[in-house]
Each structure stands twice: as C-alpha cells, then as structure tokens.
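What the coordinates show
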Amino acid sequence: MTDDADDILQRLPTRLKEARRAQGLSLDAVAKLSGVSRSMVSQIERGSSSPTIATLWNLTRALQVDFAGLLDGAQAAAQIEVLRGTEVPTIDNRGTTCRLRILSPPEDAGRHEVYEVLLGAGGALLSDPHRRGAREHLTVIDGQVSVSSAESRVTLTAGDTARYAADVPHGIRAEEGPARAFLVVQDA
C-alpha cells in the first residue's frame, strides 16, 4: 500500500465523523439515511473497519458530502467557494416585480435556504404553505416591507427582522417604493 493510500485511510474516519456532526446527525440517523448499519458506521468512524467503495458512496450521499473531497488531502475548511455577483442564480418569476437571488448552496435546498429578495415598488412575494414546521427569517436591508403569516401582518423598515411561520400562507410586499431584504427559509 502506498503512503497516499495510508494517509487517506487515516483521514477517512475523522472526515466522516466531522461530516456527520456538521449535519447534526446521530449514528442512527446516518444508518437510516445510508442503509449502512449503525455498528458499521461507528466502526468506520473509529477507524476499526475500512468501508467498501459502495459503503463509502452510500455514506457520502447520506451526509451530502463530495466523495472526492472527502478523500482529498486539502482540508475542506481551508477552501473558500466564491460566486461572483453575476454568477449567483436568480429567480425572476416567483412574484410581482420580485427577484430572488439564491445565496445558499443547492445541497441545502429544503433545509436551510438563503435568498436576497429584491422587490420593485409594489412588488410582492406571496407563498403557499411550506411543509409543517417551516419558518422564515426576514431582515430588511433597504426600504419598507409588510410581512404576513396566516392572519398576522407587520410592517418592517431597514434593520428590522421578522421571524414567522411559513407552514401557512405568507408573503412579503414592498411598501412605499422598492425594497431589499435577506430571507432565510428553514425546513421548507
């Protein structure tokens, strides 16, 4: 076996455990998501068992980590992913004079989504209920917006933050001109 292969085998248990903890998952949860037994996941994380390629593949898919990056010699924490302003994906047809810039990575979709919301004068983003327990956190950067969640409604200005249920009909509407805000959607 080469020194590189030995190095990979030494790093693998720590990297898998770090990935599991970063996701906030228990051994049982990883076992259910991956189809790999709890005891095998534990043995791999302790370094007392070496996984097959198929097992490793199932674990990386369950943990939503890059297979190659997990084995790469570079520390993941030392890497910085940059999307320039022109590269950030946008959605222009989700509301009336509304543009959403998708700031979170695609693998976070449905769990933790981050958007920049750009509303023209009178613009609105009206949403149907997300899944049960979903919440939104909206911070106004510029302008004034009204936020509704079910029957509740509040007005926010620059610097204000609202946290509200998103598992009911809800919406964001620009008041008195254009507005810009950051929106975090949890458990959509």
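Residues numbered from 1 in each chain as written. Predicted model: local features only at pLDDT ≥ 70, side-chain atom pairs only at ≥ 80, totals over all residues. Heavy atoms only, no water.

**Some details on the overall build of the chain**
In terms of helices and strands, the chain carries 5 helices and 7 strands. Along the chain, helices (α) and strands (β) appear in the sequence α-α-α-α-α-β-β-β-β-β-β-β when read from the amino end. Classification of the 188 residues of the chain by burial places 34% in the buried group. For the chain, the proportion of contacts with a sequence separation of at least 24, taken over those separated by at least 6, is 61%. For the chain, the accessible area works out to roughly 11,100 Å², and carbon and sulfur atoms hold 50% of it. (Helix = DSSP H or I, 4+ residues; strand = E, 2+ residues; numbered from the N terminus. Buried < 20%, exposed > 50% of the residue type's maximum accessible area, 1.4 Å probe, protein only. Contact = heavy atoms within 4.5 Å. Areas by Shrake-Rupley, 256 points an atom, 1.4 Å probe, with all protein chains shown as cover.)

**Digging into the pairing of strand S3 (residues 112-127)**
Looking along a regular strand, one sees side chains alternate from face to face of the sheet. Taken together, the 6 bridges between strand S2 (residues 96-102) and S3 define a ladder with antiparallel strand orientation. What sits directly across from Ile102, in S3, is Tyr115. Where S3 meets strand S7 (residues 170-186), 12 bridges bridge the pair, whose relative direction is antiparallel. Bridging from a neighbouring strand, His112 pairs with Gln186 of S7. (Pairing = 2+ DSSP bridges.)

**Overview of the pattern of salt bridges**
On inspection of all chains with the given rule, the structure shows 8 salt bridges. Taking the shortest distance from any N to any O, the salt bridge between Arg101 and Glu116 comes out at 2.6 Å. Of this pair, Arg101 sits in strand S2 while Glu116 sits in strand S3, and the two are 15 residues apart along the sequence. In this pair, the class of Arg101 matches that of Glu116, namely buried. Here Asp108 makes a salt bridge to Arg111, at a shortest N to O gap of 2.9 Å. (Salt bridge = Lys/Arg side-chain N within 4 Å of Asp/Glu carboxyl O.)

**Examining empty space enclosed by the protein**
One water molecule sets the probe size; rolling that probe over the atoms shows where empty space is left. Enumeration over the complete set of coordinates arrives at 1 cavity of 30 Å³ or more. Taken as a whole, the largest cavity encloses approximately 40 Å³ of empty space. As for the largest cavity, its lining consists of Leu16, Arg20, Val30, Val41, Ile44, Glu45, Leu59 and Leu63. When contributions to the lining of the largest cavity are tallied by element, the ones reaching two or more residues are helix H1 (3-22), helix H3 (38-46) and helix H4 (53-63). Of the residues contributing to the lining of the largest cavity, the split by class is 6 nonpolar, no polar and 2 charged. (1 Å grid on protein atoms, 1.4 Å probe; cavity = no way out; pocket = protein on both sides within 12 Å on 5 of 7 lines; lining within 4 Å. Points joined across faces, edges and corners; volume = space filled by probe spheres on them. Nonpolar A, V, L, I, M, F, W, Y, C, P; charged D, E, K, R; others polar.)

Worth remembering: the numbers are spatial, not functional.
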